[in-house]
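These are the residues of each chain, in order.
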Amino acid sequence: MSDNGWRLIFETEREILKRRLDGWLGRRSDRSGVPDRIAQERLRERLQPRRRRRRRRLGAMVGWPISVLLHLVLVALALPHIFPDPPVEEPDPPIRIRFVSLERPPIAEVEAPPVRTPIPDPPPDPSLAIPNPEPPPEVPVEEKVETTDPAEEDVPESADPPAIAADAPSPLGLGPGAERRGRSPLGARYGERVEALRIYGGGAETEAVVRRGLEWLARHQDPDGSWDPHGYTRHCRPGISCPGTGFPEYRTGVTGLALLAFLGAGIDHRDPGPFRGTVARAVEWLITSQDEGGCFGPREGQFLYNHGIAALAIAEAAALTRDPELLASCARAVRFIETTQQAGGGWDYTAARTNRNDLSISGWQVMALHSAAEAGVVVSPRTLDRLEAYLRRAIRGDGSAIYADRGTGAGRGGVGVAATGLLSKLYLGWSPRSLESQRAAVRLVRQSPDPDGRADWERTNQSLYYWYTATLALFHVGGEPWEAWNLFLQRSVISLQHEEGEREGSFDPDPNWIGAAGGRITSTALGVLTFEVYYRYTPLYRRLGLAPNPKGGEADER
């Protein structure tokens, strides 16, 4: 070590000794008024044990209550796990029959869906008040609709329309006697159609809408059997066109909708009537568009809309005809729907595992599954269980519904999805007389058809798509909600159909994104389907054996 280093150590030791000596002698440092550092350290050493004792006492006084409190909290949290509550039996949901089918038994080697024991419906809710519209001028139902079959026989009129038996045999619930074959449904089945029209509120005016609409659709079909939402104008007369084209990627779904309009009138590809070729070409085009995995149309864009609608059309054609080729195609379509179901129980735009559940897309899959069950195709119980759980999450007790649970439209409501939700629940087996169904029905009636509101779709949800879905749902509910809606429907929507020129029979597309996507073909098909409701299906409340329940909101005694 250098001399400087030793010198530094020596000076430091000397300073320390000097301070200790001054402390022993009670001297102060050179700095006046400031205690010596050594004295401060010694004083701190003497005081430190006393402070530590105080701290320990204080800690003991505070720590014990805190410790006791924490232990009590831990014991309270552990008790439910040590002594669990006995399981509580939850009441069965208001479901009578899942995918009820009283019209036709399943095909061979297929089990019928299980039947649940009916449960009593809730008491009436006085808050379910239905708007009371003024009835429009009565339409003479007795007037015979102009038909395309000159050989049509006059049907004798009856003073009182006979009641339709709940177990009347007719495939898919199509109007009474719809299983008959041999002549045009606009002619030969006129008697049965008039019977249904009288009972459920249709008439000559609604039948004219159907006839004109089918004729326009037949004129604008492509030779290959499809309907092109973008290029249908090439079938218009030279120099005259029907504006309102849609998106070409929806060709498969639009073709399915147009085919459904003909099937809704009872026309199939085996009928000898004037539209047989139209239906046969459409069926053939859809069958050839189905891939090996069961999907209809290309797997591009939002293709599950296309598949759901096309699957519904093929399922109804299979239920009407029992054609083995259609039944096989329907079964493949159902398997594809099952494999594309999201883990949450609904469906999204595509088959990708997005965990997004879209009620609008899911509604079309539900309708397809229901019609497939009518045709005798068994749907997986696992698919139905997951679907049922999804509907319980998406549809509230007051009848409102959520469009999607994530992504596009997440959390959005509106009467459009409320109508889809009610129809889906009814098809899955919920009682039309349940309090939830009645509340949903009233919600729809209070948003009756308003053509002017279509331009403000974001606020009103008004569209031909909404009117069709709500019409079908309320028809199955019946009673006062259906009667009120039917009056609003005929008053507001019939006049929207063109009655002359090249557009005769068509409906203009909605002035919103729905009309822009589907175009005139879609709007016309939806308009026709809306006014076929009187005889297209037997209402679910009748198929369940319930009374007409004319006073909406009252629970049926059964």
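See the structure printed just above.
Residues numbered from 1 in each chain as written. Predicted model: local features only at pLDDT ≥ 70, side-chain atom pairs only at ≥ 80, totals over all residues. Heavy atoms only, no water.

### Here's the deal with the pattern of salt bridges
Right, on to step 1. Going through the model one piece at a time under the given rule, you end up with 21 salt bridges.
Right, on to step 2. Arg193 is paired through a salt bridge with Glu207; the nearest N and O atoms lie 2.6 Å apart. Separated by 14 residues along the polypeptide, Arg193 in helix α3 (residues 190–200) and Glu207 in helix α4 (residues 204–219) bring together distant segments of the chain. Pair check on accessibility: Arg193 and Glu207 agree, each one buried.
Right, on to step 3. Between Asp348 and Arg356 there is a salt bridge; the shortest N-O distance is 2.5 Å. Take Asp348 and Arg356: they sit in the same class, and that class is buried.
Right, on to step 4. Here the residues in one salt-bridge network are Asp222, Asp224, Asp228, Arg234 and Arg251, joined through shared partners. (Salt bridge = Lys/Arg side-chain N within 4 Å of Asp/Glu carboxyl O. Helix = DSSP H or I, 4+ residues; strand = E, 2+ residues; numbered from the N terminus. Buried < 20%, exposed > 50% of the residue type's maximum accessible area, 1.4 Å probe, protein only.)

### So, the packing of aromatic side chains
Given two aromatic rings, one states the distance between the centres and the angle between the planes to describe the pair.
Right, on to step 1. Following the criterion strictly, the structure yields 12 aromatic pairs and no others.
Right, on to step 2. Both rings, one in Tyr305 and one in Tyr349, keep their centres 6.4 Å apart while their planes meet at 50°; by these two values the pair is tilted. Here Tyr305 is found in helix α7 (residues 303–321), whereas its partner Tyr349 is found in the loop between α8 (324–339) and α9 (359–375), with 44 residues between them in sequence. Side by side, Tyr305 and Tyr349 carry an identical accessibility label, which is buried.
Right, on to step 3. Between Trp364 and Tyr465, the aromatic rings sit 5.9 Å apart at their centres with planes inclined by 10°, giving stacked as the arrangement. You can see Trp364 sitting in helix α9 and its partner Tyr465 sitting in helix α14 (residues 464–477), a full 101 residues away along the chain. (Phe/Tyr/Trp six-rings, centres within 6.5 Å; stacked < 30°, edge-to-face > 60°.)

### Things to note about the nonpolar core
Soluble globular proteins tend to bury their nonpolar side chains together.
Right, on to step 1. Ranked by size, the top nonpolar core spans 125 residues in total, and within it Leu214, Trp364, Leu444 and Tyr534 carry the most contacts.
Right, on to step 2. No other element matches α7, which puts 14 residues into this core.
Right, on to step 3. Contacts of Leu214, omitting those with residues within four sequence positions, involve Ala261, Phe262, Ala265, Ile267, Phe275, Val528 and Glu532. (Core = buried A, V, L, I, M, F, W, Y, C linked by side-chain atoms within 4.5 Å. Contact = heavy atoms within 4.5 Å.)

### Some details on unusual backbone geometry
Right, on to step 1. The phi torsion at Arg322 lies on the positive side, around 60°, for a residue other than glycine.
Right, on to step 2. Locating Arg322 in the fold gives a position in the loop between α7 and α8.
Right, on to step 3. Not every positive phi belongs to a glycine, and Asn355 is a case in point at roughly 60°.
Right, on to step 4. Summarising the element assignment, Asn355 is placed in the loop between α8 and α9.
Right, on to step 5. Under the relative-accessibility criterion, Asn355 is labelled partly exposed at 39%.

### Let's talk about the packing of α14 against helix α15 (residues 479–492)
Angle between the axes and distance between the axes are the two parameters that describe a pair of packed helices.
Right, on to step 1. Running from N to C, α14 and α15 point in directions that differ by 145°, and their axes come no closer than 8 Å. Handedness of the crossing formed by α14 with α15: left-handed. Two secondary-structure elements touch here, α14 through Tyr466, Trp467, Ala470, Thr471, Leu474, Phe475 and Val477 and α15 through Gly479, Pro481, Trp482, Trp485 and Leu489.
Right, on to step 2. Of the residues that constitute the contact of α14 with α15, the class distribution is 10 nonpolar, 2 polar and no charged. (Axes fitted to C-alpha atoms, helices over the stretch in contact; angles between N-to-C directions. Left-handed = near helix turned anticlockwise from the far one by under 90°. Nonpolar A, V, L, I, M, F, W, Y, C, P; charged D, E, K, R; others polar.)

### Here we look at helix α11 (residues 415–428)
Right, on to step 1. Taking 1.5 Å per residue as the helical rise, α11 with its 14 residues ought to reach 20 Å, and the 20 Å between its terminal C-alpha atoms agrees with that figure.
Right, on to step 2. Most of α11 is tucked away, with 14 of its 14 residues classed as buried.
Right, on to step 3. Backbone geometry just after α11 places Gly429 at a positive phi near 125°. (Expected span 1.5 Å × (residues − 1).)

### Observations concerning the environment of Arg443
Right, on to step 1. Mapping Arg443 onto the fold places it in helix α12 (residues 435–445).
Right, on to step 2. Arg443 gets classed as partly exposed once you look at its relative accessible area, which sits at 30%.
Right, on to step 3. In this structure the C-alpha to C-alpha distance between Arg443 and Ala418, which are 25 residues apart in sequence, comes to 8.3 Å.
Right, on to step 4. Among residues more than four places away in sequence, those in contact with Arg443 are Asp398, Gly399, Ser400, Val415 and Ala418.
Right, on to step 5. A distance of 3.4 Å separates the side chain of Arg443 from the side chain of Asp398, its partner in a polar contact. (Polar contact = N/O pair within 3.5 Å; in protein donor to acceptor, adjacent residues only side chain to side chain.)

### Remarks on the side chain of Thr522
Right, on to step 1. With respect to the helices and strands, Thr522 occurs in helix α16 (residues 513–531).
Right, on to step 2. With residues near it in sequence (within four places) discarded, Thr522 still touches Val254 and Leu257.

### Considering the packing of α11 against α14
Right, on to step 1. Their axes nearest at 9 Å, the elements α11 and α14 cross at an angle of 35°. Here the hand of the crossing between α11 and α14 comes out left-handed. On α14, the residues that touch Val415, Gly416, Ala419, Thr420, Leu422, Leu423, Leu426 and Tyr427 of α11 are Tyr465, Tyr466, Thr469, Ala470, Leu472, Ala473, His476 and Val477.
Right, on to step 2. Taken together, the residues that form the contact of α11 with α14 break down as 12 nonpolar, 4 polar and no charged.

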